[in-house]
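# Report on the structure
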Amino acid sequence: MPQPAILAVDQGSSSTRCVAYDERLSQLAVGVRRVVTDRPRPGIAEHDPDQLLAGVLGAIDDVRGQIGARHAAGVGIANQTETFVLWERDSGRAVSPVVSWQDSRAGDLCAVLRDRPGGETVSDITGLPIDPTFSALKLAWLLDRDPTLHARAEAGEVLFGDVACWLAWQLSGGAGHVCEPSNACRTLLVDLDSLMWDARMLELFGVPQALLPEIRPSDAPGLCTAAAVAGFEAPIAAMLGDQPAALYGQGCTRPRMAALTLGTGAFLWLNVGPARPQPPPGVLATAAWDSAAHGRTYALEAFGANAGNALAVLRDIGLVPGSWPSHPPDWARPHPVVVPAPSGLGTPHWHPEDRITVLGASSATSTDDLAAAALAGIAHQIADALDAIDAARSADTLRVGGGLAADEGLLQTVADLSGITLEVSGELEATARGIAALAADSAGMLDPGAGTHSVARRVAPRLGAGERERERAGWRDALEVHMRPTAGA
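Worth saying up front: this structure is predicted, and the values here are computed from it rather than measured. Think of each chain on its own: its residues are numbered from 1, step by step along the sequence as written. It should be noted that, the model being predicted, local features are given only for residues of pLDDT at least 70 and side-chain atom pairs only at 80 or more, the latter also being counted only at that level, while totals for whole chains, interfaces and linings use all residues. Only hydrogens and water are set aside; all other atoms, that is, all heavy atoms of the structure, feed into the side-chain values.

The definition of a nonpolar core used throughout is a set of buried Ala, Val, Leu, Ile, Met, Phe, Trp, Tyr and Cys residues joined through side-chain atoms within 4.5 Å. Accessible area is worked out with a 1.4 Å probe on protein chains only. A residue is then buried under 20% of its type maximum, exposed over 50%, and partly exposed in between. Core analysis: the largest hydrophobic core is formed by 151 residues, its most contacted members being L7, I77, L137, L189, F205, L211 and L262. Considering each element in turn, this core owes the most residues, nine residues, to helix 12 (residues 367–389). When near neighbours in sequence (up to four residues on either side) are disregarded, L189 contacts A136, M196, W197, D198, M201, L202, F205, V207 and L212. Membership of the second largest hydrophobic core comes to seven residues, among which are V320, V338, L370 and A373. Here a helix means four or more residues in a row that DSSP labels H or I, a strand means two or more in a row labelled E, and each is numbered from the N terminus. Residue contacts are defined here by distance: any two heavy atoms, one from each residue, within 4.5 Å place the two residues in contact.

The N-to-C vectors of helix 12 and helix 13 (residues 408–418) enclose an angle of 45°; their axes lie 8 Å apart at closest approach. Compared by their axis directions, helix 12 and helix 13 come out oblique. Our pair here, helix 12 against helix 13, has a crossing hand that is right-handed. Across the interface between the two elements, L375, A376, I378, A379, H380, I382, A383 and L386 from helix 12 touch G409, L410, T413, V414, L417 and S418 from helix 13. Looking at the contact of helix 12 with helix 13, its residues break down into ten nonpolar, four polar and no charged. Inter-axis angles, ranging from 0 to 180 degrees, are taken between N-to-C directions of lines fitted to C-alpha atoms, where helices are fitted over the stretch in contact. Roughly parallel refers to an angle under 35 degrees, roughly antiparallel to one over 145, roughly perpendicular to one between 65 and 115, and oblique to any angle outside these ranges. Less than a right angle of anticlockwise turn of the near helix away from the far helix marks a crossing as left-handed, whereas a clockwise turn marks it as right-handed. Basically, the charged four are Asp, Glu, Lys and Arg, the nonpolar ten are Ala, Val, Leu, Ile, Met, Phe, Trp, Tyr, Cys and Pro, and anything else, Gly included, counts as polar.

Pairing of aromatic side chains here covers Phe, Tyr and the six-membered ring of Trp, requires ring centres within 6.5 Å, and sorts the geometry by plane angle: under 30 degrees stacked, over 60 edge-to-face, intermediate tilted. In this structure the tally under the stated criterion is eight aromatic pairs. Here the aromatic cluster, defined as three or more aromatic residues joined through ring pairs, consists of W101, F134, F267, F303 and W350. Working rule: Lys NZ or Arg CZ, within 6 Å of ring centre, within 35 degrees of ring normal, means a charge sits over the ring. Positioned above the aromatic ring of W141, the side-chain terminus of R105 is 4.9 Å from the ring centre.

Structure representation (structure tokens):
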């Protein structure tokens, strides 16, 4: 009988990856497709749904071609959390773009909803602030502007789902409209205690119940791929948001374990166990996973909105060169301060206005100086997140993964400005490994001796405490300027 493989689909903001693993979570094959983000005007960030689906199917085909006689025992899907799409129940055709978590079109709606009856209870119920990152606001924005779409949603003709939900629908040939808690709770529509859709939030945001998927356990979606669509039949054995999958993939499966994922954004997650946490100010409380086999796990999240996306924007506008030796700033020399915030600021500021601020530049400032300052600006935002989550300070080390964890200069700058030793994962793409581990366990093919995490190296701070505080004070001064209302606002 052919040996089994688990196919892990990691659908991210900049790429779709499909990775095949064996029963010991050894990597067998990888397929990658680029994801294009359309930004037709400020604040809008979207993907083409047909292109996204074609990329997923293409990456799966690539991997199946590489693993030969091995059969797919199951599929796990991890997705860019808060990103969503609307589609027709009958045809499966998308009726909206894939609206990215980076999209801030609903910024003006936030203040309106905060002032409505019930707006003050959103955080108490959902664990999240009213912020345009979360999908309910952008969903409300779409429905408010298209009465026909709203009527079709009320009639159940149009469906809403995070990307994993939509991919499961597509891969299964429309067999089920299901999601799981780590994604559902990022909509602002779920009671974080029950992990079920909340009628008060549906009323506040004007979202029809008929639009929403059924919430099932993260490792028991209950669907299978259809041969006519995917080319093979296998259970869709697990679904998770990308950051919970990375937390799982970095082996942070016990309370008090923390993981930082450096990708398009920078995401710090702390496992807090089976009880809903009370988050510090500016920190999110969220579901990490709800497992049919292993129970429920909650997490605290501190969110840095800018990492790889900031570097891409800075390159596109010519503020920094297309490539440069990534290294920490020369802390001993005067240098500019760059606040790279093309997606606004996350934890603890929750400042959604997207712009980039440069302070302290002069005629002597080179593009390399700006590049190093931009790198430091990303690291400062991560340090802000670490300061806010506070509980992560109970550990001497922090596990780090994601594509940007290969950037030694960024890692050293994060260690310098946070004062924390970083524990770098042996396999940087922890999201794929995490969803593969959960799916393999669900499919009954995970070897009991398989580990989800290995440490490749440690990066310790080199900056002294006094120098660190000087740099952090300069950053705080720059933030004051950055967050002042602009003229005419």
